[in-house]
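Architecture at a glance
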Number of protein chains: 4
Amino acid sequence: MLRVAIIGASGFTGVELLRLLALHPGVEIVAVTSRQYEGKSVTEVFPSLKAYPYSNLYFSAPDTKKLSNLAGAFFTAVPHAAAMKVVPELLNAGAKVIDLSADFRLRDVNVYNEWYAPHLCPEFLDEAVYGLCEINREKIASSRLVANPGCYPTSTLLPLIPLLKSGIVDTKSTLVIDSKSGVSGAGRKALLATSFCEVNESFKAYKVGEHRHTPEIEQELSIAASEEIKVCFTPHLVPMTRGILTTIYAKPTKIISTTDVIKILDDSYSTERFVKILEEGQLPSINMIKGSNLCVIGVKVDKRTNTIILVSAIDNLVKGASGQAIQNLNIMFGFDEYLGLDVIPLYP
Amino acid sequence: MLRVAIIGASGFTGVELLRLLALHPGVEIVAVTSRQYEGKSVTEVFPSLKAYPYSNLYFSAPDTKKLSNLAGAFFTAVPHAAAMKVVPELLNAGAKVIDLSADFRLRDVNVYNEWYAPHLCPEFLDEAVYGLCEINREKIASSRLVANPGCYPTSTLLPLIPLLKSGIVDTKSTLVIDSKSGVSGAGRKALLATSFCEVNESFKAYKVGEHRHTPEIEQELSIAASEEIKVCFTPHLVPMTRGILTTIYAKPTKIISTTDVIKILDDSYSTERFVKILEEGQLPSINMIKGSNLCVIGVKVDKRTNTIILVSAIDNLVKGASGQAIQNLNIMFGFDEYLGLDVIPLYP
Amino acid sequence: MLRVAIIGASGFTGVELLRLLALHPGVEIVAVTSRQYEGKSVTEVFPSLKAYPYSNLYFSAPDTKKLSNLAGAFFTAVPHAAAMKVVPELLNAGAKVIDLSADFRLRDVNVYNEWYAPHLCPEFLDEAVYGLCEINREKIASSRLVANPGCYPTSTLLPLIPLLKSGIVDTKSTLVIDSKSGVSGAGRKALLATSFCEVNESFKAYKVGEHRHTPEIEQELSIAASEEIKVCFTPHLVPMTRGILTTIYAKPTKIISTTDVIKILDDSYSTERFVKILEEGQLPSINMIKGSNLCVIGVKVDKRTNTIILVSAIDNLVKGASGQAIQNLNIMFGFDEYLGLDVIPLYP
Amino acid sequence: MLRVAIIGASGFTGVELLRLLALHPGVEIVAVTSRQYEGKSVTEVFPSLKAYPYSNLYFSAPDTKKLSNLAGAFFTAVPHAAAMKVVPELLNAGAKVIDLSADFRLRDVNVYNEWYAPHLCPEFLDEAVYGLCEINREKIASSRLVANPGCYPTSTLLPLIPLLKSGIVDTKSTLVIDSKSGVSGAGRKALLATSFCEVNESFKAYKVGEHRHTPEIEQELSIAASEEIKVCFTPHLVPMTRGILTTIYAKPTKIISTTDVIKILDDSYSTERFVKILEEGQLPSINMIKGSNLCVIGVKVDKRTNTIILVSAIDNLVKGASGQAIQNLNIMFGFDEYLGLDVIPLYP
């Protein structure tokens, strides 16, 4: 059994790791940390875990030194800027780390410094692997530090990367990425802006033109296209708990049909368990993927304006965070890639 | 008192007309029709109207001949293709008509025939005025047939028309219009697709590249731009009852700032009671306008990709349907334009 | 014009007072206070009020001394224990006060002390009138201090008081009051417990057997019954923004029919504009009353178990708070009772 | 591998059986029937099942004769009155049946005839076992026909039966059962009453005093109490998709504490995997159990009125329908009782 610890387990990604790992036959959770809930039992804080193997699991303080020898694998589920304070020590103690924050996603420390905060350990950026499993599987397998992708980037990159690689996208036209996220993406916090009465029966765009996932998307698209890509990225807040649906508008380099685009995606993902390309005429919705590690993608080429429209749906807490993190762990430690992730979407 | 009748009053636009007209001091509702509810009292079918002046109002059959002499103004709130069967008779009897269907919105009968159904009375298309009040106020005032705009077009045209008129929009680049609507836009029907369990906690795009509001948007934008405009229009379904938020991506003809774009919109709408332009840094949300006749517009120019992003919010049943219809009635009959529409948004 | 001030206007009851008073022809709002938002404009904090006559209204500090001479009527919309610190000064300056907190609702200071906190000015309890308008209209008219009823009590007392007065309720059997409230009842605060992801798609009972509205309900029922009444009161949290639906179970003193109970209620409320008794076979729902000052009541006598079941629906922010407060103001100052309250429920 | 067929698999209980059985290691689904979707693939109708072992499963016509030899176990998930038409043939062919309808739940055919419809095969009522697993486990194990309990009855019986058996409940006082259900309880149908815009942001009681689950609850409580029990049962509709929360009010035969009641329940359920009794001071909510086969129960004795208040939470589609049906199958066929049911609640 692989000994696993979760640093920062009191948020939504933490409890989601616990939900999914409960059914993972190859791991044992040896520690979960939380300053806020130190000393409390996990099932007291999260009663949804009550009937499961966590009855003896208690939150402990995030004492990295003490913890680094306890486990072979760590999920760091703390906010950005906090992750880079604990990851080096864990790596130096010989552990492998899947970091769910943004701290090791950007290769260029200047970009990180500009969008986030001064980076404290840029020397780890080179070896960190961007953990988009279907794209970087081999590098992940041999890595000791995986930067788990952001939720919006996951929903954007999976449909776009094969098209950029294929050369079918006109990179001189602006890529428009219009994303819509459920509220759990904002985290488990007491905020007026995410209180029920503010969000329910409302809808809004936010951080238009300035969301921090923008450089992450651009970095990975640029790698796929082998040239610098800029995107116009607009996130929106949907009155639902889980899910991201992203609508992407791209210009083709030549006249192309819906069938053609579907073929490119099918060729890329035909053997993937967690990425499903819909047939022509079908489009994804959140209730196809809720609670699961799936990414479902639909395609429509608008002939009237010569635009490729891609629509992708993921559960932001699963494929967009904790599920992909477990998928990364499975790859890093040689487990079957879908262990702990064989969860059917909840419908209705 | 102006005698008013509503043809097809059993849907959401019908009951919304009744909600708003209840507080209109200048009109008297003399007839409401519904095949389904013929003979039933309005307050039995719509208990939300229980405490108001409708206790003696009963649904009658849509006998146009009989009704045409009863009222001076008619709202036709029946589906497209049904409206064109009743409107001519009402006009010929001397009444004025505000039609909430799509039947008289498109000037080119061929476009109507292609997107909808064979038109039965194209001879009325020339005189029909497109009832976007803030844009066509003068023509509306002298018209006897107003085609009330669709909900998506209203949310798209109000922010875009002043920019197209100003010449700031690069009309050679595709305009991307990404709209998100509450479920009431689908009407008051028993459909599996709009049942609670299908819509709740889900989100999807639908009719991508083929929604019938596309030619309506293009027609009015083309008039504003004095050249043919094509748009890439994608509607989405939000798990909320009311509201449309539309995000528009346009390329400028030159380098332009957020302030510049706001100024153009401010100049167009500064005296308008129902259109509000937000200051730089602010963005609209549905809970700013729910239940009201307002259209609130926010602007952000994304300098990184040189894109004008416009975000507009309306209540699809008010400014997007029944509210604007009453605004049209007020203009046509010389009432103060805001009578019956002085409704504060419901927040929270 | 009556000069009115709102002390503590930054919560949901505050903004709801502003929404409703915007359409009240007889009052002028001269001050709104908020420590948190001091100096900010009302429309900046509450953009839903943007298009209305509040463009020059700014939040000020709650300097009671200064304010007490500005206005003839005060709504105090601050939390319990805070209200009793400001109300005496306002009264002493000659103003009339409608207090939306619990501070002046309980006649017995010992009961207040037990359920809330030590009362600071019990000398005002005797003159305070419990502002349940339909029941205490005459006393309210001549009062200078009205204690505006709680939301749960309003939904409970309106259906039960006529039955207790009529002697038809067996007061030796426990009255079971099972209430369900929308989330806005918890106020406009940043709390994890009322964050979207905690409340949405969930449902729970809370404060079972210990909610502070219990003694308020018992006090008013005891007055109606002329004997001491105890109730078993259980509140629940519904994933919706507005509305309270209360289901009441009472034992009759004799065999009685649904029709009989409806008749008692009809006799009490036939001339009331804001209380509607449904016919046999009909039951209220929140979408009959949302946004309005209505209380709709349905009745069913369960013959199998000889139980009177009453179901009432109110909007907790209107008839359960700000609407009833305005109704009280109208009564106190001789306005038509429905001024500012002629709002049709929002459906759908 | 046990060969299993689902008769009537196009509703919510059908798709939920498919979701859960996908992870059941001991069964193979050999047929799913649906008149409406005959010939269509399961994953076309239910895209949420897309990535799982159902790619070759197609809906067939409900030809019972042909099907009866295909499988050893049948779930009949058709409406009441339809089930009794197919169950006899399946039994006569030697299969075992778990019927999710009401057709075999009531022992007294007269009661069935009164509340439902004329029973066509009352000769099977005697041998049918009421499939409340924790209560009737032994009888279920040796049965060939299990009547799977209704959702409301499951949420009511699990907390009440141990108390009635213990003699602590005063059976001369009326038991008040106030239940609140998510919308999926109404089934997967195109109905105006369960359309999004009718249900969302609303709440109501329905079928007050006349819901068909009443005699089912009374039958099983009477067995537990060894005397005839009548209940006053009121269902309500909550704007959420899944979950039932039931609040029960019972009078004790003597002064009793919350601790005492919890002890009785703990003694009954301490070894149960799917029933969890909360500690004093805790209460269940739907987000503790959503998507899982759990029933969580909280207790509060209201000393002021001497009332036992029980609050239970289940997922109506799992423990209230398909999950319990699989639990019954596991018992009937000697599988570990939790196979296919080891699903962690989805939170948030």
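See the structure printed just above.
What comes next concerns the included structure.

Cut-off values and rules
- Residues numbered from 1 in each chain as written.
- Chains lettered and ligands numbered in written order.
- Predicted model: local features only at pLDDT ≥ 70, side-chain atom pairs only at ≥ 80, totals over all residues.
- Heavy atoms only, no water.
- Helix = DSSP H or I, 4+ residues; strand = E, 2+ residues; numbered from the N terminus.
- Rg over C-alpha atoms; globule rule 2.2 N^0.38 Å.
- Buried < 20%, exposed > 50% of the residue type's maximum accessible area, 1.4 Å probe, protein only.
- Areas by Shrake-Rupley, 256 points an atom, 1.4 Å probe, with all protein chains shown as cover.
- Lys, Arg positive; Asp, Glu negative; His and termini not counted.
- Charge placed at Lys NZ, Arg CZ, Asp CG, Glu CD.
- Contact = heavy atoms within 4.5 Å.
- Polar contact = N/O pair within 3.5 Å; in protein donor to acceptor, adjacent residues only side chain to side chain.
- Pairing = 2+ DSSP bridges.
- Arc of directions from axis to C-beta.
- Buried area = accessible area lost by both parts, 1.4 Å probe.
- Salt bridge = Lys/Arg side-chain N within 4 Å of Asp/Glu carboxyl O.
- Nonpolar A, V, L, I, M, F, W, Y, C, P; charged D, E, K, R; others polar.
- Least-squares fit on C-alpha atoms with pLDDT ≥ 70 in both.
- Core = buried A, V, L, I, M, F, W, Y, C linked by side-chain atoms within 4.5 Å.
- Axes fitted to C-alpha atoms, helices over the stretch in contact; angles between N-to-C directions.
- Left-handed = near helix turned anticlockwise from the far one by under 90°.
- Parallel < 35°, antiparallel > 145°, perpendicular 65-115°, else oblique.

For chain A, the helix and strand inventory stands at 11 helices and 14 strands. The C-alpha radius of gyration computed for chain A amounts to 20 Å, which stays within 12% of the reference 20 Å derived for 348 residues, consistent with globular compactness. Seen through its C-alpha atoms, chain A measures out along the principal axes to roughly 60 × 45 × 40 Å. Scored against the burial criterion, the 348 residues of chain A give a buried share of 68%. For chain A, the exposed surface amounts to about 11,300 Å²; the carbon and sulfur share of it is 48%. Taking the average place of the 34 positive charges on the side chains of chain A and the average place of its 36 negative ones, the gap between the two points comes to 3 Å.

Below, the discussion takes up the environment of Asp170(B). Residue and element names in this part refer to chain B. Its place among the elements puts Asp 170 in the loop between helix 7 (151-166) and strand 8 (175-181). For Asp 170, a relative accessible area of 16% gives the class buried. A sequence separation of 152 residues divides Asp 170 from Ser 322, and the C-alpha atoms of the two residues are 33 Å apart. Sequence-distant contacts of Asp 170, that is, excluding residues within four places in its chain, are made with Lys 251, Pro 252 and Thr 253. Within the structure, the side chain of Asp 170 is placed 3.1 Å from the side chain of Ser 173, a separation counted as a polar contact.

Residue and element names in this part refer to chain A. Among the 8 residues in strand 13 (residues 295-302), 7 count as buried, and that is most of the element. Of the pairings in the sheet, the one linking strand 12 (residues 275-277) to strand 13 comprises 3 bridges and is parallel in character. Looking across to strand 13, one finds that Ile 277 is bridged to Ile 297. Summarising the sheet, strand 13 and strand 14 (residues 307-314) pair through 8 bridges and their orientation is antiparallel. Paired with Lys 300 across the two strands is Ile 309, which belongs to strand 14. Counted between consecutive antiparallel strands, the loop separating strand 13 from strand 14 contains 4 residues, among which Asn 306 sits at a positive phi close to 55°.

Bringing helix 6 (residues 133-141) of chain A into the picture now. Residues and elements named next belong to chain A. All of the buried residues along helix 6 are Cys 133, Glu 134, Asn 136 and Ile 140. Looking down the long axis of helix 6, one finds its buried residues gathered within 145° of arc, a one-sided arrangement. Summarising the geometry of helix 6, the exposed residues directed more than 90 degrees from the buried face are Glu 138 and Lys 139.

Moving on, we get to the interface of chain C and chain B. At the junction of the two partners, chain C supplies 37 residues and chain B supplies 37 residues. Summed over both sides, the interface between chain C and chain B buries roughly 3,100 Å², with carbon and sulfur atoms accounting for 69% of that surface. The largest share of the area that chain C buries against chain B comes from Tyr52(C), Ile344(C) and Tyr347(C), three residues that together contribute 23% of it. In this structure, the connection of chain C to chain B is made through 0 salt bridges. Sort the elements by how many residues they give to the side of chain C that touches chain B and helix 1 (residues 12-21) of chain C lands first, with 4 residues. Residues that form the side of chain C that touches chain B fall into these classes: 20 nonpolar, 7 polar and 10 charged.

On to the interface of chain B and chain A, then. Where interface size is quoted, it is often the accessible area lost as the parts come together. At the junction of the two partners, chain B supplies 49 residues and chain A supplies 48 residues. Of the roughly 3,800 Å² buried where chain B meets chain A, counting both sides, 56% is carbon and sulfur surface. At the junction of chain B with chain A, the criterion picks out 6 salt bridges. Close ionic contact of Glu218(B) with Arg304(A) constitutes a salt bridge, the shortest N to O distance being 2.4 Å. The interface formed by chain B and chain A includes 30 residue pairs in polar contact (both at pLDDT 80 or more). Going through the elements one at a time, strand 8, helix 8 (196-199), strand 9 (204-205), helix 9 (213-225), strand 10 (231-237), strand 11 (244-250), strand 13 (295-302) and strand 14 (307-314) of chain B are the ones with two or more residues in the side of chain B that touches chain A. Residue classes in the side of chain B that touches chain A are distributed as 22 nonpolar, 13 polar and 14 charged.

Laying chain B over chain A is done by rotating through 180° and shifting 0.0 Å along the axis; what remains is an RMSD of 0.0 Å. Considering both components of the superposition, the chain copies are consistent with a two-fold axis. Looking at the interface residues of chain B, 98% of them are also at the interface in chain A, so both copies use one shared face.

For an α-helix, 3.6 residues make a turn, and residues three or four places apart therefore share a direction. Residue and element names in this part refer to chain C. With respect to burial, helix 4 (residues 83-92) is a largely interior element, 7 of its 10 residues being buried. Contacts from the buried residues of helix 4 go to strand 1 (2-7), helix 3 (64-67), strand 4 (73-76), strand 5 (96-99), helix 5 (109-115) and strand 7 (145-147). Just downstream of helix 4 lies Gly 94, where phi reads positive at about 100°.

What the 7 strands build is an open sheet, ordered 3-2-1-4-5-7-6 (chain B); its pairing is parallel. Both outer strands of the open sheet, strand 3 (59-60) and strand 6 (129-130) of chain B, are each paired with one neighbouring strand and no more.

Here we come to the relation of the copies chain C and chain B. Placing chain C over chain B gives an RMSD of 0.0 Å and needs a rotation angle of 180°, together with 0.0 Å of translation along the axis. The share of interface residues of chain C whose copies in chain B are also at the interface is 100%, consistent with both copies meeting through the same surface.

Residues and elements named next belong to chain A. Taken together, the 7 strands give an open sheet; going across it, the order is 9-10-8-11-14-13-12, and neighbouring strands pair in mixed fashion. The open sheet has two free edges, formed respectively by strand 9 (204-205) and strand 12, since each of these has just one partner strand. Taken together, the 6 bridges between strand 8 (residues 175-181) and strand 11 (residues 244-250) define a ladder with antiparallel strand orientation. Each bridged residue has a counterpart across the sheet, and for Ile 177 the counterpart in strand 11 is Ile 248.

Okay, the pattern of salt bridges next. Enumeration according to the criterion identifies 73 salt bridges over all chains in this entry. Its salt-bridge partner being Glu272(D), residue Arg137(D) comes within 2.7 Å of it at the nearest N-O pair. A residue pair is termed long-range when its members are at least 10 positions apart, and Arg137(D) in helix 6 (residues 133-141) and Glu272(D) in the loop between helix 10 (258-269) and strand 12 (275-277) qualify at 135 residues. In this structure, a network of salt bridges that share partners links the residues Glu16(A), Arg19(A), Arg242(A) and Asp315(A).

Here we come to the nonpolar core. Counting 272 residues, the largest nonpolar core has Leu21(A), Phe75(A), Phe75(B), Phe75(C) and Phe75(D) as its most contacted members. When near neighbours in sequence (up to four residues on either side) are disregarded, Phe75(D) contacts Val4(D), Ala5(D), Ile6(D), Ile7(D), Leu17(D), Leu21(D), Ile98(D), Leu100(D), Ala325(D), Ile326(D) and Leu329(D).

The subject of this paragraph is the packing of helix 6 (residues 133-141) of chain B against helix 11 (residues 318-333) of chain B. Residue and element names in this part refer to chain B. Contact geometry of helix 6 with helix 11 gives a least axis separation of 9 Å together with a crossing angle of 40°. Seen from above, helix 6 lies across helix 11 with right-handed handedness. Of helix 11, the residues touching helix 6 (which contributes Cys 133, Glu 134, Arg 137, Ile 140 and Ala 141) are Lys 319, Gln 324, Gln 327, Asn 328, Ile 331 and Met 332. Split by residue class, the contact of helix 6 with helix 11 holds 5 nonpolar, 3 polar and 3 charged.

What follows deals with the pairing of strand 14 (residues 307-314) of chain D. For a regular strand, side chains alternate in direction, first toward one face of the sheet and then toward the other. All names here are of chain D. When you tally the buried positions in strand 14, you get 8 out of 8 residues, the bulk of the element. Burial along strand 14 is two-sided: the face carrying Thr 307, Ile 309, Val 311 and Ala 313 and the face carrying Ile 308, Leu 310, Ser 312 and Ile 314 are both buried. Bridge count for strand 11 (residues 244-250) against strand 14 is 7 bridges, and the pairing is antiparallel. By the bridge assignment, Ile 248 is partnered in strand 14 with Leu 310.

So, about the packing of helix 1 (residues 12-21) of chain A against helix 11 (residues 318-332) of chain A. Residues and elements named next belong to chain A. Put simply, helix 1 and helix 11 touch, their axes get as near as 9 Å, and they point 50° apart. Put simply, helix 1 runs oblique to helix 11. Relative to helix 11, the crossing made by helix 1 is right-handed. Taking contact as the criterion, the partners of Thr 13, Glu 16, Leu 17, Arg 19, Leu 20 and Leu 21 in helix 1 are, on helix 11, Val 318, Ala 321, Ser 322, Gly 323, Ala 325 and Ile 326. For the contact of helix 1 with helix 11, a count of residues per class yields 7 nonpolar, 3 polar and 2 charged.

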